[in-house]
Amino acid sequence: MLAVTAARFDANDPLAALEVGEQPEPEVPEGWVVVELKATAVNHHDLWSLQGVGLRSEQLPMILGCDGAGVDPDGNEVVVHAVIGDPDAGGGDETLDPRRSLLSERHPGTLAERVAVPRRNLVPKPPSLSWQEAACLPTAYLTAYRMLFTRGGLRPGDTVLVQGAGGGVATALVALARAAGLRVWVTSRDTGKRERALELGAHRAFESGERLPAKVDAVMETVGAATWSHSQRSLRPGGTLVVAGATSGNDPSADLAQVFFLQRSVIGSTMGTRGELERLISFCDATGVRPLIDSVRPLADARAGFARMAEGEQFGKVVLDI
Ligand SMILES: NC(=O)c1ccc[n+]([C@@H]2O[C@H](COP(=O)([O-])OP(=O)(O)OC[C@H]3O[C@@H](n4cnc5c(N)ncnc54)[C@H](OP(=O)(O)O)[C@@H]3O)[C@@H](O)[C@H]2O)c1
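Residues numbered from 1 in each chain as written. Predicted model: local features only at pLDDT ≥ 70, side-chain atom pairs only at ≥ 80, totals over all residues. Heavy atoms only, no water.

Student: Help me understand unusual backbone geometry in this model?
Tutor: A negative phi angle characterises most non-glycine residues, just as the trans form characterises most peptide bonds. Following Leu60, the chain continues to Pro61 via a peptide bond in cis, the omega torsion being -5 degrees. Inspection of the secondary structure puts Pro61 in the loop between helix H1 (44-50) and strand E4 (62-63). Here the phi dihedral of Ser104 falls at roughly 85 degrees; this positive angle occurs in a residue that is not glycine. Looking at the secondary structure, you find Ser104 in the loop between strand E8 (101-102) and strand E9 (114-118). Notably, Gln263 is not glycine yet its phi reads approximately 50 degrees, a positive angle. Take Gln263: it is sitting in the loop between helix H7 (256-261) and strand E16 (265-268). Classification of Gln263 by relative accessible area gives exposed; the value is 62%. (Helix = DSSP H or I, 4+ residues; strand = E, 2+ residues; numbered from the N terminus. Buried < 20%, exposed > 50% of the residue type's maximum accessible area, 1.4 Å probe, protein only.)

Student: Would you mind showing me how to read the sheet that holds strand E11 (residues 159-162) here?
Tutor: Sheet strands pair by backbone hydrogen bonding; their relative direction is either parallel or antiparallel. As summarised here, the arrangement of the six strands in space is E13-E12-E11-E14-E15-E16, forming an open sheet in which the pairing is parallel. The open sheet has two free edges, formed respectively by strand E13 (204-207) and E16, since each of these has just one partner strand. Strand-to-strand twist in this sheet, taken as the mean axis angle between neighbours without regard to direction, amounts to 20 degrees. Where strand E14 (residues 216-221) lies against strand E15 (residues 235-243), five bridges are found, and the strand directions are parallel. The residue bridging Val219 from the neighbouring strand is Leu241, located in E15. Across the sheet, helix H3 (residues 137-151) lies against E11, E14, E15 and E16, angled at about 150 degrees from E14, the strand it touches most. (Pairing = 2+ DSSP bridges. Axes fitted to C-alpha atoms, helices over the stretch in contact; angles between N-to-C directions. Contact = heavy atoms within 4.5 Å.)

Take a look at the structure:
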């Protein structure tokens, strides 16, 4: 089958480690099923994998991809939940299973014509969502859903700041937060992306690092070192900083005095549970909110989609049709 793999690692030039070509059909362990994929989407996670983050060389070639939607062996239209974990081992939450992994970390991923997943990881796709929209949900949108509503505990009327407006998770945060009745502020380095964030539903858009007119109830952070101190400065006393990524660097100053003196909460968040994915899909179905798609191209042209993400040119999700 056709698949996109990390054939090697290249920390400086991830695209040099990418290959698009024939790979063996998936192996199917007991209790797993094969999904015929219809669409998939690229995440920054795939770039990290090409750079050697989270994979060992003996696992190569590894089929990339965490996002996918397709048809199960019984002919049902499904969204694929990307977290491979045991809820019982995580106190009812598979993301807290110490042995949990994402598709493409231990098991082959979704940038392929077919993927094998545990039967539990199939979630029904409503007819109201296209294949391309459904394929955007399992990673960036699920992460955004959990950041806002589970970990962030945000309620209608709260003000939230989203850093790095153009990213896949960031656009998901803006779309979901707006649909849920939050006041949504964003930052971006790029004028065009700020304008597009306003079109997407943000109430205000600021330059990265710009002083805000008021403090916010919560900040959603995936940019990391480049925006961390601005995130701290922007938060009201007692506010919440939810962090799910660190694209620009992992190790900013913690500024502990800001954390304790102003009694802020710094909360980590990763992916989401199957139940949260079901609620996210229901939320999209009920409100009409849809994933923002940057571009669509065939799986065979995956390299061009990866290049767009590596250059930070995307606004929304880079989708691949299968
Ligand atoms: N924990 C989880 O479960 C989880 C799930 C999904 C993603 N993530 C992580 O979250 C991060 C974002 O993922 P993604 O797929 O949304 O990536 P992405 O689409 O590549 O977005 C990255 C965004 O970060 C901003 N950015 C990058 N470098 C910056 C810098 N130096 N200064 C200011 N802004 C910068 C850019 O926004 P502007 O160009 O608008 O400024 C860019 O659009 C990644 O690190 C990813 O690994 C974690």
